[in-house]
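Reading the structure
Single-letter residue listing:
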Amino acid sequence: MAKDIVDVALGQIGYREQGNNRTKYGEWFGMNGAAWCHMFVSWCANQAGVPASVVPKTASTDSGMAWFKNKGRFKYKGKYTPKRGDIVYFKTGRSHVGIVEYVSGNTLHTVEGNSSDQVKRKTYPLSEATITGYGVPNYKNLNEKESGSSNDDEKKKQNAKKELDYLKTLLERKQPKAKTTSADVKETGKLPDGVVDILITSGKNKFFVPVEDGMKIVWERQGAPGTLTFTTKYNKKFKIKEGNSVLVSVDGTKFFYGFIFKHSMAKDGMVSYTAYDQLRYLKNKDNVIYVKKRADQVIRQIAKKFRLRTGTLANTRYIIPKRVDADIALFDAIQNALDITTTMKGKVYVLYDNVGKLTLSDIAKMKVDACLVDEETGRDFSYEVSIDSDTYNQIKLMYENKKNSKYDVYVTKNAKKIAQWGVLQYTEKIDHPDLGKEKSKALLKLYSKAKKTLSVTGVIGQKRVRAGCLVPVILKVNELKVANYMLVEKVTHTFENREWTMDLIVSGGDFIG
């Protein structure tokens, strides 16, 4: 039988944090040391047997309030009289949350965690300026019968089945063989002029800026915006401000479009500027919720909400049934959709800004044969092998078994790699026991590998080379033997002394970017 969430909260009055936000609520949630007011609310709900489908399990007041809004169960202050067990959100002028104990006349009585570093009873007038409104949980029938918890268990079981299907697909999918190349791939032989024009738009004014040597444009395949850095002499006639747009053309072709985000000035009057393309706005956090949408449709949904321009977005074919990404960077929400698509359809896509328009392309269609990377075309190369991060040879998953108040533990290991490297363990809590065996196998398959990275510097500049494209690489020196089309994980274009060069980090075959 579900308990009363308020009774649970009242039983915690007087509990103090152990310094620096360290509490049993944070330990339970898995974020000990972080602000814990909403973790306290989620902990009380869990202790009362209230499922996360009724009161969200989150550490974020933004996510908690948004969750109730998305469910249609949020009431704004002044239009609703709160009831016992409602969740009060203080989002006007501060970020805080509490549990409503009761209302007497025009006075609100609450129980709150992280109030002066402890759990306290508090009172406010219903007109309190910092209150935004109330989450109204649907407690109906929770105390009449145990259907609430059984429904929650069934939902967890269904989610576990979906994740198992996903993991089985991952385990059964054969890795595509790297497409080999040969010396038959030829360079164009024509050196680029590397003539750069930078056009600044400031309101109604447009002007070209003469730049010093050393201008750089950097593109990465995942999780980072395109970055432009350049230096110019200060000129009070042409003031460049944050938010101004920047268009870079190279040898007469539009190459980069973005916006000034910061600048710094040196004693000699030289000013350095940093601009980012539209992908910079994908660092924003939000709740990304969708039903029956492809990854490209998810991108359009996000772009429309945040007023980003889109170009050609490839049809990714796979329809994702339903997904809720709460309080997440937009970059991560998009990457989640693309990762699911890759697993289910075997295709890899790259999102980039194509001179001011978000573009999504199938990597297989992004070959750049005109850029041959070999011992002659690159000034230098280096490769690194590492087990220092994101490499694990033992996976430990834990499920909290409420029947005996103990953890069921699932461990999968690679004995050969343990003998070679020592124990490198990955640990995670899971929501359902059905996940234990298959998920641990899948994670071991993904992570029991040394990371190898290959870098090539000083390659002749090429307009079509950006992160996510495929370039032919032929290198055979000592133990390094590569003759494949390789994926550009990161490219740095540098313009100096009328010379245009590229530094590349590539992956493919045994090399992981």
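Let me begin by describing the structure that accompanies this report. (Residues numbered from 1 in each chain as written. Predicted model: local features only at pLDDT ≥ 70, side-chain atom pairs only at ≥ 80, totals over all residues. Heavy atoms only, no water.)

**Here's the deal with the sheet that holds strand β22 (residues 406-413)**
Quick note on the threshold: Pairing between two strands requires that DSSP report at least two bridges joining them. To qualify as a helix, a DSSP run of H or I must reach at least 4 residues; to qualify as a strand, a run of E must reach at least 2; elements of each kind are numbered from the N terminus. Note on geometry: axes are lines fitted to C-alpha atoms, helical ones only across the stretch in contact, with angles between N-to-C directions running from 0 to 180 degrees.
Taken in spatial order, the three strands of this open sheet run β22-β21-β23, and their pairing is mixed. What marks the edges here is a single partner per strand, and that holds for β22 and β23 (425-430). Averaged over all adjacent pairs, the angle separating strand axes in this sheet is 20 degrees, with direction ignored. Relative to β23, strand β21 (residues 394-401) runs parallel, the two being bridged by six bridges. Each bridged residue has a counterpart across the sheet, and for Lys396 the counterpart in β23 is Thr427.

**Focus: the packing of aromatic side chains**
Note the cut-off: Pairing of aromatic rings covers Phe, Tyr and Trp, the last through its six-membered ring, and needs centres within 6.5 Å; plane angles under 30 degrees mean stacked, over 60 mean edge-to-face, and all others mean tilted. Think of it in three bands: with a 1.4 Å probe and only protein chains considered, a residue is buried below 20% of the maximum accessible area for its type, exposed above 50%, and partly exposed in between.
Scanning the entire structure with this criterion turns up 22 aromatic pairs. With a centroid separation of 5.1 Å and 90 degrees between ring planes, the pair formed by Trp67 and Phe68 is classed as edge-to-face. Exposure class is identical for Trp67 and Phe68. Each is buried. A ring pair is formed by Tyr426 and Tyr447, whose centres lie 6.2 Å apart and whose planes are at 20 degrees; its orientation type is stacked.

**Regarding the environment of Leu313**
As a reminder, the rule being used: We call two residues contacting when some pair of their heavy atoms lies within 4.5 Å.
Within the fold, Leu313 resides in strand β15 (residues 310-313). Residues Leu313 and Ile299 lie 14 residues apart in sequence; the distance between their C-alpha atoms is 8.4 Å. Beyond its immediate sequence surroundings of up to four residues, Leu313 is in contact with Asp296, Ile299, Arg300, Leu358, Thr359 and Leu360.

**Details of the pattern of salt bridges**
Spelled out, the test is: Salt bridges are defined as contacts in which a side-chain nitrogen from Lys or Arg sits within 4 Å of a carboxyl oxygen from Asp or Glu.
Under the definition given, this model contains 12 salt bridges. Asp296 is the salt-bridge partner of Arg294, the closest N and O atoms lying 2.9 Å from each other. Each member of the pair, Arg294 as well as Asp296, carries the same accessibility label: buried. Among the ionic pairs, Arg379 bridges to Glu499, the shortest N-O distance being 2.8 Å. Taken together, the residues span a long stretch of sequence, with Arg379 in the loop between β19 (373-374) and β20 (380-386) and Glu499 in strand β27 (residues 499-507) at a distance of 120 residues.

**Describing a nonpolar patch on the surface**
Rule in force here: Residues forming no salt bridge and having over 30% relative accessible area are the ones grouped into patches, like charges within 9 Å of each other and nonpolar side chains (Val, Leu, Ile, Met, Phe, Trp, Tyr) within 5 Å. The method behind every accessible area is Shrake-Rupley, applied with a 1.4 Å probe, and residues are considered shielded solely by the protein chains displayed.
Together, Tyr407, Val409 and Val411 give the surface a local cluster of nonpolar side chains, amounting to about 250 Å² of exposed area. Structurally, Val411 is set in strand β22. Looking at Val411, the relative accessible area reads 43%, which means it is partly exposed.

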